[in-house]
Amino acid sequence: MKNLTFDQLPQAVGELFVKLEKIEQLLLAGKNNPVQETSDLLTVQEAAAYLHLSVPTLYGYVSKNTIPFCKRPGSKRLWFSKQELTEWIKTGHQQTIAEVNAEVEQTLSRQKK
């Protein structure tokens, strides 16, 4: 950053204002152009690759209704939401020993009161 004199300050503030307006326009343009939902939807093959599973394993999860999926009535095609798959993966989170110990200590401290 260069050193500004008092006389250069109004010009610098003006340049900052112009740049700020450009940033605001870019942000608003991004808000007005929502990301297509289809880019978030995955086919069976894409979902299997995303989850690092084989396609038959994925179909097994679908048949047991253990994995979130979408299917239009009367259609054979399955769709998977990337966000829902990520949330599904996170439901299998295993606690670390430190997390378990902290939970035990918290429970014991509540019981002592």
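Computed from a predicted structure; not experimentally measured.

## Quick notes on the overall build of the protein chain
Here is step 1: Within the protein chain, the regular secondary structure consists of five helices and three strands.
Here is step 2: Starting at the N terminus and walking to the C terminus, you meet the elements of the protein chain as α-β-α-α-β-β-α-α.
Here is step 3: Here the protein chain holds 113 residues, and 12% of them are scored as buried.
Here is step 4: Taking all contacts inside the protein chain whose residues are at least 6 apart in sequence as the whole, residues at least 24 apart take part in 41%.
Here is step 5: Accessible surface for the protein chain amounts to roughly 10,000 Å². Of this, 57% is attributable to carbon and sulfur atoms.
Here is step 6: Side chains of the protein chain carry 14 positive and 12 negative charges; the gap between the two charge centres is 8 Å.

## Examining the packing of helix H2 (residues 44-51) against helix H3 (residues 55-63)
Here is step 1: Viewed as axis vectors pointing N to C, H2 and H3 meet at an angle of 100°, and their least axial separation amounts to 9 Å. By the angle between their axes, H2 is roughly perpendicular relative to H3. Only Val55, Leu58 and Tyr59 of H3 make contact with H2, whose side of the interface consists of Val44, Ala47, Ala48 and Leu51.
Here is step 2: Partitioned by chemical class, the residues of the contact of H2 with H3 number seven nonpolar, no polar and no charged.

## Notes on the side chain of Thr43
Here is step 1: By the secondary structure assignment, Thr43 is in the loop between strand S1 (41-42) and H2.
Here is step 2: Take Thr43: its relative accessible area is 19%, and that puts it in the buried class.
Here is step 3: Discounting residues that sit within four places of it in the chain, Thr43 has contacts with Leu78, Trp79 and Phe80.

## Notes on unusual backbone geometry
Here is step 1: In this structure, His52 takes a positive phi of about 60° despite not being glycine.
Here is step 2: Along the chain, the position of His52 falls in the loop between H2 and H3.

Criteria and thresholds
- Residues numbered from 1 in each chain as written.
- Predicted model: local features only at pLDDT ≥ 70, side-chain atom pairs only at ≥ 80, totals over all residues.
- Heavy atoms only, no water.
- Helix = DSSP H or I, 4+ residues; strand = E, 2+ residues; numbered from the N terminus.
- Buried < 20%, exposed > 50% of the residue type's maximum accessible area, 1.4 Å probe, protein only.
- Contact = heavy atoms within 4.5 Å.
- Areas by Shrake-Rupley, 256 points an atom, 1.4 Å probe, with all protein chains shown as cover.
- Lys, Arg positive; Asp, Glu negative; His and termini not counted.
- Charge placed at Lys NZ, Arg CZ, Asp CG, Glu CD.
- Axes fitted to C-alpha atoms, helices over the stretch in contact; angles between N-to-C directions.
- Parallel < 35°, antiparallel > 145°, perpendicular 65-115°, else oblique.
- Nonpolar A, V, L, I, M, F, W, Y, C, P; charged D, E, K, R; others polar.

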